[in-house]
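Structure assessment
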Amino acid sequence: MTRLHNGIREFVVPVSAAVAAVLPATYLRITSGSAGALGDAVLFGLAILAAGFLLSWGAEAAEKYIATGFVLAVVALITVLPEYAVDFYYAYRAGQDPASGYVAYAAANMTGANRLLIGLAWPLLVGLHWWRSRQRGIVLQYENSVEIVFLALASAYAFIILLKNSIGIIDFLVLGVLFCLYLWRTSRAENEEEEEDEEPGPGAVIAQLTPAKRWTVMAAMSVVAAGVILLAAEPFAESLVASGRRLGIDEVLVVQWLAPLASEAPAVTIAILFALDGRARAGLTTMISDKINQWTLLVGMLPIAMSIGAGRVMSLPLDARQHEEFFLTAAQSVFALALLLPLRLSLWGALALASLFVTQLGLAFFYQATPEREIAVLTALAWVYLALAVALLVRHIRRLPALMRAMLGTSPQTE
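Residues numbered from 1 in each chain as written. Predicted model: local features only at pLDDT ≥ 70, side-chain atom pairs only at ≥ 80, totals over all residues. Heavy atoms only, no water.

1. A closer look at the confidence of the model for the protein chain
Detailed reading of the predicted coordinates is not advisable wherever pLDDT falls low. To be explicit about the condition: Each residue carries a pLDDT score, the predictor's confidence in it, ranging from 0 to 100. Labels follow the DSSP assignment, with helices taken as runs of H or I lasting at least four residues and strands as runs of E lasting at least two, numbered in each case from the N terminus. Whether two residues are in contact is decided by their heavy atoms, any of which lying within 4.5 Å being enough.
Looking at the protein chain, pLDDT values average 82 and 87% of them are 70 or higher. When the elements of the protein chain are averaged for pLDDT, helix 3 (residues 68–79) gives the smallest value, 61, and helix 12 (residues 320–340) the largest, 94. Across residues 193–197, where pLDDT falls below 50, the model places five contacts with residues more than four positions away in sequence or in other chains.

2. Observations concerning a nonpolar patch on the surface
Convention followed: Patches in this entry comprise residues that are over 30% relatively accessible and not in a salt bridge; like charges within 9 Å are linked, as are nonpolar side chains (Val, Leu, Ile, Met, Phe, Trp, Tyr) within 5 Å. Note on areas: Shrake-Rupley, 1.4 Å probe, and residue coverage restricted to the protein chains presented here. Each salt bridge in this description consists of a side-chain nitrogen of Lys or Arg and a carboxyl oxygen of Asp or Glu lying within 4 Å of one another. Exposure classes here rest on a 1.4 Å probe applied to the protein chains alone. A residue is buried below 20% of its type maximum, exposed above 50%, and partly exposed in between.
Together, Leu38, Leu247, Ile249, Phe365 and Phe366 make up a nonpolar patch on the protein surface, roughly 480 Å² of accessible area in all. Within the secondary structure, Phe366 is located in helix 13 (residues 347–366). Using a relative accessible area of 70% as the deciding quantity, one classes Phe366 as exposed.

3. Here we look at the packing of helix 7 (residues 169–187) against helix 11 (residues 280–310)
Heads up, the rule is: Only the stretch in contact is used when fitting a helix axis, every axis being a line fitted to C-alpha atoms; angles between N-to-C directions are given from 0 to 180 degrees. Angles are sorted into four bins: roughly parallel if under 35 degrees, roughly antiparallel if over 145, roughly perpendicular if 65 to 115, and oblique for all others. A crossing counts as left-handed when the near helix is turned anticlockwise from the far one by less than a right angle, and as right-handed when that turn is clockwise. We call Asp, Glu, Lys and Arg charged. Ala, Val, Leu, Ile, Met, Phe, Trp, Tyr, Cys and Pro are nonpolar, and the rest, Gly among them, are polar.
Helix 11 packs onto helix 7 with a crossing angle of 150 degrees between their chain directions and a minimal axis gap of 8 Å. As judged from the angle between their axes, helix 7 and helix 11 are roughly antiparallel. Classified by chirality, the crossing of helix 11 by helix 7 is left-handed. Mapping the contact onto sequence places Ile169, Phe172, Leu175, Gly176, Leu178, Phe179 and Tyr182 in helix 7 and Ser289, Ile292, Asn293, Trp295, Thr296, Leu297, Val299, Gly300, Met301, Pro303, Ile304 and Ser307 in helix 11. The residue inventory of the contact of helix 7 with helix 11, partitioned by class, reads 13 nonpolar, six polar and no charged.

4. Re the nonpolar core
Selection rule: Throughout, nonpolar core names a set of buried Ala, Val, Leu, Ile, Met, Phe, Trp, Tyr and Cys residues whose side chains join them through atoms within 4.5 Å.
Among the nonpolar cores identified, the biggest contains 121 residues, and Tyr90, Trp122, Met287, Trp295 and Phe326 are the most heavily contacted of them. Looking at this core, the element that brings in the most residues is helix 5 (residues 102–133), giving 15 residues. With near-sequence residues (within four places) excluded, Trp122 lies in contact with Leu117, Leu151, Leu284, Met287, Ile288, Lys291, Ala336, Leu340, Leu345 and Leu353.

5. Focus on the side chain of His396
Position of His396 relative to the elements: it lies in helix 14 (residues 371–396). In this structure His396 comes out as buried when scored by relative accessible area, which is 8%. Those residues within four positions of His396 in sequence are excluded, and the remaining contacts are Ala338, Leu341 and Pro342.

6. Overview of unusual backbone geometry
If a residue is not glycine, its phi is most likely negative; likewise, a peptide bond is most likely trans. Positive phi, close to 65 degrees, is recorded for Arg134, a residue that is not glycine. Unusually for a residue other than glycine, Leu343 sits at a positive phi of about 60 degrees. Checked against the element boundaries, Leu343 lands in the loop between helix 12 and strand 4 (344–346). What makes Leu343 buried here is its relative accessible area of 9%.

7. Some remarks on the packing of aromatic side chains
The geometry of two aromatic rings is summed up by the distance between their centres and the angle between their planes. Here is the rule: Working definition: a ring pair exists when centres of Phe, Tyr or Trp rings (six-membered ring for Trp) sit within 6.5 Å. Plane angles under 30 degrees give stacked, over 60 give edge-to-face, the rest tilted.
In total, this model carries eleven aromatic pairs according to the counting rule given. Relative to Tyr102, the ring of Tyr90 has its centre 6.4 Å away and its plane inclined at 35 degrees; by these criteria the two rings are tilted. One end of the pair, Tyr90, is in helix 4 (residues 81–96); the other, Tyr102, is in helix 5, and twelve residues separate them in sequence. With relative accessibility at 0%, the residue Tyr90 sits in the buried group.

8. Here's the deal with helix 10 (residues 251–276)
Filter applied, for reference: One fewer than the residue count of a helix, multiplied by 1.5 Å, yields its expected span. In this scheme, the bend at a residue equals the angle between the axes fitted to the seven residues that finish there and the seven that begin there.
For helix 10, which comprises 26 residues, the first-to-last C-alpha distance of 35 Å matches the rise-based estimate of 38 Å (1.5 Å per residue) to within 8%. Maximal helix bending in helix 10 amounts to about 50 degrees, located at Glu264; proline Pro266 follows within four positions. Burial analysis of helix 10 places 20 of its 26 residues in the buried class, which makes it a mostly covered element. Phi for Gly278, located one or two positions after helix 10, is positive at around 85 degrees.

9. As for the pattern of salt bridges
Taken as a whole and assessed by the stated rule, the structure comprises four salt bridges. For the salt bridge of Glu325 with Arg115, the shortest nitrogen-to-oxygen distance reads 2.8 Å. Pair noted here: Glu325 is in helix 12 and Arg115 is in helix 5, with a separation of 210 residues, a long-range link. As far as the burial class goes, Glu325 and Arg115 line up, both buried. Note that Asp171 is salt-bridged to Lys164, the shortest N-O span being 2.7 Å. For Asp171, a relative accessible area of 1% gives the class buried.

10. Focus: the side chain of Asp87
Cut-off, in case you're wondering: We treat Lys and Arg as the positive residues and Asp and Glu as the negative residues; His and chain ends play no part in the count.
Mapping Asp87 onto the fold places it in helix 4. Despite being buried, Asp87 has no salt bridge partner; Arg115 is the closest side chain of opposite charge, sitting 12 Å away. With residues up to four places along the chain from it excluded, the contact list for Asp87 reads Tyr105, Ala106, Asn109, Met110, Leu298, Met301 and Leu302.

11. So, the environment of Phe326
If you trace the backbone, Phe326 turns up in helix 12. Looking at Phe326, the relative accessible area reads 1%, which means it is buried. Spatially, the C-alpha atoms of Phe326 and Asn165 are 9.6 Å apart, while their sequence positions differ by 161 residues. Beyond its immediate sequence surroundings of up to four residues, Phe326 is in contact with Met110, Thr111, Ala158, Ile161, Leu162, Ile167, Trp295, Val299 and Leu318.

Structure follows, in structure tokens:
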């Protein structure tokens, strides 16, 4: 009886809190009301955050029934849907008015979300794992070569986009195929047995239900969450821009860094729960999968959203600043990839990622300079990432054949 009550409490309390968080924003949206720019940003941001949690709890419940690598990839995709909704809106508006600032907002939101994951979320997981276990890093397994190889492919293609200086329909097709191949490869893996106790929370409670009830609850939560995200994406995106203007902060910076904090929070929180439950590898795998789907689908869908807004096929151009922002994002991705080659993200590697991220964030908000100087700083930081990445790649290049064999499904040789 006690276990039943605990299970009910673990489901009802979080879900009730999530539902309560979406009600003010839903009311404002239905009545066309407003709490002011800052109030709208907070309320609609909370609604998107809560909807993301509803989606993630439903996805978590499937973990026992689907191949682990595949479900972690799906969890990563589902929990980041709020980010897709916000960026889709910016790109859609850019298509309606290509001369407006929405083109820069769409590109900035995408690059900010990608860099936030690697620069903040990955080091946070390593730090929590060290605090919990005193292990100086998160150890991966050869099964994670799938994530590493596909992250490498997506990162390599990013430099092709840089050469073209735009993101077009062909890029969407290539990146979409790459992500589908990634899902297909992870779905072929066998489900892994976890020795740790099942983590508490709504996902665990849903997983214990009968199949009919489980899928009914998951479907209901998904429908409600999707509806909330659709309702909240536009006012949240617009209120961020208005808040930046009101506070005297560059709107591009607000869109680039504050919007992803709300939309990425569910995915990062799920990974944190994994780490605190002794499943740090699963948490890091989820974050790597999150990076892969953002570096493929999120990037690729921008010209689609822009074309829908314009009513014709369009590419999303990268201006001088966004070109260097994209270059910096690609360089950070390569450095993170190089850190993963030993199948371990060490504490020192996490500190390097966090330090470089904090540096670029501090420069973005506090370094007052001409646009030309800002672009030069972005370029310099990108080359720092690449230089560090090359040093690591040279050091660990002998590991690449084993990783490729493991990705292809053959047993790697023992090193």
